[in-house]
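What the coordinates show
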Amino acid sequence: MLAGRTTNDDATTLGLNIFRAANDTAARDIVVNDPVMQKRVMRAEWYPFGPPVVKKINLDDRPQWLWIVRPTRPEMLSEAPTDDEIRHAAAHGDYLQRLIDDGTAVLFGRTQNTDYTSMGIIIMQAKSEAEARAIIEQDPAVQNRIFRAELYPYRIALFRA
C-alpha cells in the first residue's frame, strides 16, 4: 500500500492511494468506507492498477514529485498501438527502469483501464522542480509526444510493501 498527496494547496491537489483488493467490488468498498469519502471531503476516482515497479522505498532529502503520463492518442490502448508508439513506449519503460535503478524514481506503474482516463504514475525524487522537469523532458515517450506529462510536488505519507 502507498498513500500520499501533492503538496500544493489549491484546486489541483491530488491524493493518491495504491492498494490491493481482491476485486473491483472490494476496491469500491474500501473507497466508499473511507471516512473522508463518507464525509464528502474529497471525491474519489478508482482505476485498476498494475503491479507497480518498486525496488525499495529509499527516500533521501530530495523533494518528491508525482509525474503523471497519459497517452496523447488513447486509442493506442483501446485499439492498437502504432509501431512508433510501441518503440517509444518500450524506451519509456527502459528509461523509468534506469531511474528506479539510480534511486531517482521510487515507484512507477499504470492504471489498467484502456480509455481516455488511463494514466501512468511515477513517484520520483529531484532537488527542484526544474530538475524534475528536466528528467521528464529526457523521457523518450514524452520527447516523441507519445505521452503527455504532468508534474506535481508530492509527499509519500504511508508505504507498506
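Residues numbered from 1 in each chain as written. Predicted model: local features only at pLDDT ≥ 70, side-chain atom pairs only at ≥ 80, totals over all residues. Heavy atoms only, no water.

Attention shifts here to the overall build of the chain. Secondary structure assignment for the chain yields six helices and six strands. Reading the chain from its N end, one meets helices and strands in the order β-β-α-α-β-α-α-β-β-α-α-β. A total of 161 residues make up the chain; the buried ones form 36% of that total. Intrachain contacts of the chain at a sequence separation of at least 6 include 68% that bridge at least 24 residues. Within the structure as shown, the chain displays about 9900 Å² of accessible surface, and the carbon and sulfur contribution to it stands at 51%. (Helix = DSSP H or I, 4+ residues; strand = E, 2+ residues; numbered from the N terminus. Buried < 20%, exposed > 50% of the residue type's maximum accessible area, 1.4 Å probe, protein only. Contact = heavy atoms within 4.5 Å. Areas by Shrake-Rupley, 256 points an atom, 1.4 Å probe, with all protein chains shown as cover.)

Further remarks concern the pattern of salt bridges. Side chains that differ in sign of charge can pair as their charged atoms come close. Summed over all chains, the structure comprises five salt bridges. The shortest N-O distance in the salt bridge between R73 and E85 comes to 2.8 Å. With a gap of twelve residues between them, R73 in the loop between β3 (64–71) and α3 (75–78) and E85 in helix α4 (residues 83–101) connect regions that are remote in the sequence. Given a relative accessible area of 6%, E85 falls into the buried group. The residue E129 makes a salt bridge to R133 at a minimum N-O spacing of 2.9 Å. Of the two residues, E129 and R133 both sit in helix α5 (residues 129–137), four residues apart, roughly one turn of that helix. (Salt bridge = Lys/Arg side-chain N within 4 Å of Asp/Glu carboxyl O.)

Where burial is concerned, most of strand β5 (residues 120–125) is hidden: six out of the six residues are buried. Here strand β4 (residues 105–110) pairs with β5 via five bridges, running antiparallel. Residue pairing in the sheet places G109 in a bridge with I121 of β5. (Pairing = 2+ DSSP bridges.)

Looking now at α5. Those residues of α5 lying buried are A132, I135 and I136. The buried residues of α5 occupy one face: seen down the axis, they fall within an arc of 100°. The exposed residues of α5 that point more than 90 degrees off its buried face are A130 and E137. (Arc of directions from axis to C-beta.)

Let us look at the nonpolar core. Membership of the largest hydrophobic core comes to 21 residues, with the highest contact counts inside it found for W67, L99, I122, M124, I135 and L151. Looking at this core, the elements with two or more residues in it are β3, α4, β4, β5, α5, α6 (140–143) and β6 (147–159). For I135, the contacting residues outside a window of four places in its chain are W67, Y95, L99, T104, M124 and A126. Within the second largest apolar cluster, ten residues are counted, among which are L107, M119, I123 and I156. (Core = buried A, V, L, I, M, F, W, Y, C linked by side-chain atoms within 4.5 Å.)

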